[in-house]
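Take a look at the letters that make up each chain.
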Protein chains: 2
Amino acid sequence: MVKINEKFLTMKKNYLFIDIAKRLKAFTEANPDKPLIRMGIGDVTLPLAPVVVEAIKKAADEMGVKETFRGYEDSGSGYDFLKEAIAGYYKSFGVSLELSEIRVNDGAKADCGNIVDIFGDGNTILVTDPAYPVYVDSNIMAGREVIFADSNEENGFAAMPDDNIHADIIYLCSPNNPTGSVYTKAQLKEWVDYALRNEAVIIFDSAYEAFVSDPELPRSIYAVEGAKKCAIEMCSLSKTAGFTGTRCGYTIIPEELIVKASDGSDVSLAQIWGRRQGSKFNGVSYPIQRGAEAVFTPEGQKQTHEAIDYYRRNAKVMADALTELGIKFTGGINSPYIWLKCPNGMGSWEFFDFLLNNIQVVGTPGEGFGKNGAGWFRLTAFGTYENTVEAMRRFKELLK
Amino acid sequence: MVKINEKFLTMKKNYLFIDIAKRLKAFTEANPDKPLIRMGIGDVTLPLAPVVVEAIKKAADEMGVKETFRGYEDSGSGYDFLKEAIAGYYKSFGVSLELSEIRVNDGAKADCGNIVDIFGDGNTILVTDPAYPVYVDSNIMAGREVIFADSNEENGFAAMPDDNIHADIIYLCSPNNPTGSVYTKAQLKEWVDYALRNEAVIIFDSAYEAFVSDPELPRSIYAVEGAKKCAIEMCSLSKTAGFTGTRCGYTIIPEELIVKASDGSDVSLAQIWGRRQGSKFNGVSYPIQRGAEAVFTPEGQKQTHEAIDYYRRNAKVMADALTELGIKFTGGINSPYIWLKCPNGMGSWEFFDFLLNNIQVVGTPGEGFGKNGAGWFRLTAFGTYENTVEAMRRFKELLK
């Protein structure tokens, strides 16, 4: 008789955002006259930049002509044209990468979940709490033990390493989802040093790096000395360039990231991840890779930064309103997320329903991201300016 | 200290086709004056159908306009417009599917490899030998025990179930990669009955179904009674519509496919696969889904069938040449693959080098697909007509 992976039975039935989508569908069906303002799921609202659209269309045309048609990529790890563009982008903030260290993917979520495949059993996995649910879910599915480092009001939602606790694999995200907090270079250095001391690997999610405007704050973990010996970095064009529905991202595994097998031999994580991807992934659609390449051109950077500035303005609208209301929050600067303390001692799902039923503003209950999210709530700056202003007007009316 | 998944160290260093690509690169660098005729990796050569190109471009334009921009899909399982198109396609050969039974993906390879996540340890995995390497590789990576059912010259390269052997998970592929053999409905019925008797699950790879021209041969395992209670089907537009570089496919898990958990409770495989995908996949690029939808329109079917007919003609050129040379083979009808016995008792890697060095024709050594592939060799019909004719001319000159 076939045996299923029973770890799935221990999990919540749905991925957090699918759960929320179902609740909203039910509300909308019951209240067709009450349109929602969605500030929950971190989805963007501005269209793709014109250079990206043109690049996708041009590549689609190439795919329709025998002489320029492209089938399988030999490596499936991304075309050099895109890897070069990504390497150039990193160079612009002082990080040097070899093309062989970059693997293009269909968005950071897949790699972030699938990376567990290359690690063995018996690792202690450390996840900051609250966190993006994929870090925990993917490890639970694989039957791994997860421990948590608290990010909470006391430490400004920036969990730091504790030498009394040993970890083998550490998930970090900065600018943080959901809390909007950003590690300084000195803080990240503490994590890198901890990882090196513990012979641990850091999985660093930099999905929101494009929102860092303070030049003192690191946009890549490789801005920190020693990180190439212990860290994998994952990023995505979802938030950088509005690719949530277009799907492209990249994972960086430095050549220097060598770990020991049980027989003492050296193993390159890039090599075994490449073996994993070689068997279980076939590369990203060629037209989409051309669209991604366009993001990194000077014109693409200009166009996508206009969108980022637009979202930053939304964040400011939200930050100003919450400040006016005296509601405590983190994020909103160098980050598209605002992480707020639910007013009047409400629980986070309670506040979710309170906002949904009273003002039809949708956010994400902090609890969905871990126990330290209880009583906290995430709002995103990815809505339209008009909706953000309107949502804050309703906030003020409801909560003043 | 971080512990890697040491199963990777027991595997061949590279995925088969990456290994071959490296050999070819070395040959081409040493012999820049000798262009290759590639009949190895199953990659197509004809461009995308015009309706597909137009659909991708139109969707790219939509992505550039605020009102029609699309971000994350709520479910990540594919838009209904594409699921409806797929369901309509299945209906055309007599199989009825609910939309909830279909999940769109970025090509069959990923799902085919990732599906291991939903199964537990302790299953006996049965793979026909020879087979597409992903079935075995993905299970080895997950630390699973794989046993083999021989497909060989004696049984016409169509392994059949053996009641003396118990299996919990069974991988089947028809039309078969690499052997080109196609199961009859009666043969598939034997497998379905075996699976039902053993409470096993069949993972059925139908990637080459579009090449079936004999109306008596099944194009889906669901043409067989009882299959919806035991089989997952995976298909791709790679070979159907030349999507090898465009990336779109689908997995079907019927609602009726319910298995028992260890506590005796019923578990829907569709539900736990959905949970896995919800956490580790974020859907297929919207423009690509529109391109895929176009494949299933009447015009799309007409255009893509022209390409399939073109490849069928190539298969006939190859079959005729091998028949003339007295070389034994299977496939070539209802299949884009020809599986031939290496002449003069050569080993399959020996024959690979013999062809490469003498006539620069590239095939795939049968050994790469399993032990029963030793002494056999795969050629694909996906080249250009001119190259196929030229390759067979050289074959005849070399092997006459």
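This section reports on the structure supplied with the text. Along each chain, residues carry numbers from 1 onward, in the same order as the chain's sequence is written. Chain letters and ligand numbers both follow the written order, the letters beginning at A and the numbers at 1. Where totals are concerned, whole chains, interfaces and linings use all residues; where local detail is concerned, this predicted model gives features only for residues with pLDDT of at least 70, and gives and counts side-chain atom pairs only at 80 or more. The side-chain values count all of the structure's non-hydrogen atoms but skip hydrogen atoms and water molecules.

## As for the interface of chain A and chain B
Moving on, step 1. Note on contacts: a residue pair is in contact if any heavy atoms of the two residues lie within 4.5 Å. At the interface, 92 residues of chain A touch 92 residues of chain B.
Moving on, step 2. Take the accessible area each of two parts loses on contact, using a 1.4 Å probe, and add the two losses: that sum is the buried area. When the two sides are added together, the surface that chain A and chain B hide from each other amounts to roughly 7500 Å², 58% of it contributed by carbon and sulfur.
Moving on, step 3. Whenever a carboxyl oxygen of Asp or Glu lies within 4 Å of a side-chain nitrogen of Lys or Arg, that contact is scored as a salt bridge. The interface formed by chain A and chain B holds six salt bridges in total.
Moving on, step 4. With its nearest N and O atoms 3.3 Å apart, the salt bridge here joins R275 of chain A to D137 of chain B.
Moving on, step 5. Under the rule applied, a polar contact is a pair of N or O atoms within 3.5 Å (in protein, one hydrogen donor and one hydrogen acceptor; residues adjacent in sequence only if both atoms are side-chain atoms). Here chain A is connected to chain B by 39 residue pairs in polar contact (both at pLDDT 80 or more).
Moving on, step 6. Counting from the N terminus, the helices are the DSSP runs of H or I reaching at least four residues and the strands are the DSSP runs of E reaching at least two. Sorting elements by how many residues they give to the side of chain A that touches chain B places helix α8 (residues 269-280) of chain A first, with eight residues.

## Topic: the packing of aromatic side chains
Moving on, step 1. The pairing test for Phe, Tyr and Trp rings, Trp by its six-membered ring, is centres within 6.5 Å, and the orientation test on the planes gives stacked under 30 degrees, edge-to-face over 60, and tilted for anything in between. Taken as a whole and assessed by the stated rule, the structure comprises 50 aromatic pairs over all chains.
Moving on, step 2. For the pair F157 of chain B and W376 of chain B, a centre-to-centre distance of 4.6 Å together with 70 degrees between the ring planes defines the contact as edge-to-face. One end of the pair, F157 of chain B, is in the loop between β4 (145-150) and β5 (169-173); the other, W376 of chain B, is in strand β15 (residues 376-380), with 219 residues separating them in the sequence.
Moving on, step 3. Relative accessible area serves as the criterion here: at 5%, W376 of chain B is assigned to the buried category.
Moving on, step 4. Aromatic rings pair up to connect Y208, F211, Y310, Y311, Y337 and F382 of chain A into one cluster.
Moving on, step 5. Counting as a charge over the ring demands two things of the Lys NZ or Arg CZ atom: a distance within 6 Å of the ring centre and an angle within 35 degrees of the ring normal. When the ring centre of F81 of chain A is taken as origin, the NZ or CZ atom of R290 of chain A, which lies over that ring, is 3.6 Å away. Working definition: with a 1.4 Å probe on protein chains only, accessible area under 20% of the residue-type maximum means buried, over 50% means exposed, and in between means partly exposed.

## Some details on helix α6 (residues 185-197) of chain A
All names here are of chain A.
Moving on, step 1. For α6, spanning 13 residues, the distance from its first C-alpha to its last is 18 Å, which sits close to the expected 18 Å at 1.5 Å a residue.
Moving on, step 2. Buried within α6 we find L188, W191, V192, Y194 and A195. When α6 is viewed along its axis, its buried side chains cluster within an angular range of 160 degrees and face the same direction. In α6, the exposed positions angled more than 90 degrees off the buried face are occupied by A186 and R197.
Moving on, step 3. Against β3 (124-129), β5 (169-173) and β6 (201-205) lie the buried residues of α6. Here the expected span of a helix is defined as 1.5 Å times the quantity of residues minus one. The directions considered for the arc run from the helix axis to the C-beta atoms.

## Looking at the sheet that holds β6 of chain A
Residue and element names in this part refer to chain A.
Moving on, step 1. Only strands that DSSP links by at least two bridges are regarded as paired with each other. In spatial order, the strands read β2-β8-β7-β6-β5-β3-β4; together these seven strands make up an open sheet with mixed pairing. Looking at the sheet topology across the chains shown, the edges are occupied by β2 (102-105) and β4 (145-150). Taken over all neighbouring pairs, the strand axes of this sheet differ in orientation by 20 degrees on average, direction set aside.
Moving on, step 2. This element, helix α3 (residues 80-92), spans β2, β7 (231-236) and β8 (249-252) of the sheet and lies at about 115 degrees to β2. To define axes, lines are fitted to C-alpha atoms, for helices over the stretch in contact only, and angles between the resulting N-to-C directions are given on a 0 to 180 degree scale.

## Overview of the nonpolar core
Moving on, step 1. Residues enter a nonpolar core if they are buried and are Ala, Val, Leu, Ile, Met, Phe, Trp, Tyr or Cys, with the set joined through side-chain atoms within 4.5 Å. Within the largest apolar cluster, 290 residues are counted, with the highest numbers of intra-cluster contacts made by I202, L269 and F395 of chain A together with I202, L269 and F395 of chain B.
Moving on, step 2. The element that contributes the greatest number of residues to this core is helix α10 (residues 298-325) of chain B, accounting for 11 residues.
Moving on, step 3. Beyond its immediate stretch of four places on either side in the chain, L269 of chain A contacts I118, F119, V201, I232, I253, L257 and V259 of chain A together with I4 of chain B.

## With respect to the relation of the copies chain A and chain B
Moving on, step 1. For these two chains of identical sequence, chain A goes onto chain B by a turn of 180 degrees and a shift of 0.0 Å along the axis, with RMSD 0.0 Å. Such a combination of turn and shift is consistent with a two-fold rotation axis. Closest approach to the rotation axis within chain A is made by the C-alpha atom of K57 of chain A, at a distance of 2.5 Å.
Moving on, step 2. Interface residue correspondence from chain A to chain B reaches 100%, placing this contact among same-surface, isologous pairings. Copies are brought into register by a least-squares superposition over C-alpha atoms of residues with pLDDT of at least 70 in both.

## Here we look at the packing of α3 of chain A against helix α9 (residues 286-295) of chain A
Residue and element names in this part refer to chain A.
Moving on, step 1. At a minimum axis separation of 9 Å, α3 and α9 run at an interaxial angle of 25 degrees. Classed by the angle they form, the pair α3 and α9 counts as roughly parallel. Relative to α9, the crossing made by α3 is left-handed. On the side of α3, the interface is formed by F81, L82 and A85, while α9 contributes Y286, Q289, R290, A292 and E293. Oblique is the label for any angle not covered by the other classes, which are roughly parallel (under 35 degrees), roughly antiparallel (over 145) and roughly perpendicular (65 to 115). For any pair of crossing helices, the crossing counts as left-handed if the nearer helix is rotated counterclockwise from the farther one by less than a right angle, and right-handed if it is rotated clockwise.

## Focus on the packing of helix α11 (residues 348-359) of chain A against helix α12 (residues 385-399) of chain A
Residue and element names in this part refer to chain A.
Moving on, step 1. Running from amino to carboxyl end, α11 crosses α12 at an angle of 105 degrees, the nearest separation of the two axes being 11 Å. Relative to α12, the element α11 is oriented roughly perpendicular. Here F351, F354, L355, N358 and I359 of α11 come into contact with α12, specifically with R394, F395, L398 and L399.
Moving on, step 2. Along the lines of polarity and charge, the residues of the contact of α11 with α12 split into seven nonpolar, one polar and one charged. Classes in brief: Ala, Val, Leu, Ile, Met, Phe, Trp, Tyr, Cys and Pro nonpolar; Asp, Glu, Lys and Arg charged; the others, Gly included, polar.

## Overview of the pairing of β5 of chain B
All names here are of chain B.
Moving on, step 1. In terms of residue burial, β5 counts as a mostly covered element, since five of its five residues are buried.
Moving on, step 2. Across the two faces of β5 the burial is the same, with I169, Y171 and C173 and I170 and L172 all buried.
Moving on, step 3. Here three bridges tie strand β3 (residues 124-129) to β5, and the two strands are oriented parallel to one another. Of the residues in β5, the one forming a bridge with L126 is I170.
Moving on, step 4. The pairing of β5 with strand β6 (residues 201-205) spans five bridges and is parallel. Looking at the pairing, I170 lines up with I202 of β6.
Moving on, step 5. Handedness of the β-α-β unit built from β5, helix α6 (residues 185-197) and β6 comes out right-handed. Handedness of a crossover is defined as follows: orient the strands so they point away from the viewer, and if the path from the first strand over the helix to the second runs clockwise, the crossover is right-handed.

## Notes on the side chain of N314 of chain A
Moving on, step 1. For N314 of chain A, the location among the structural elements is in helix α10 (residues 298-325).
Moving on, step 2. Dropping the residues within four chain positions of it, N314 of chain A is found in contact with A381, G383, T384, Y385 and T388 of chain A.

## Re unusual backbone geometry
When glycine is set aside, most residues are seen to have a negative phi, and most peptide bonds are trans.
Residues and elements named next belong to chain A.
Moving on, step 1. For the peptide bond that leads from D129 to P130, omega is 5 degrees, which places it in the cis range.
Moving on, step 2. Note that P130 resides in the loop between β3 and α5 (133-141).
Moving on, step 3. S174 connects to P175 through a cis peptide bond whose omega is -10 degrees.

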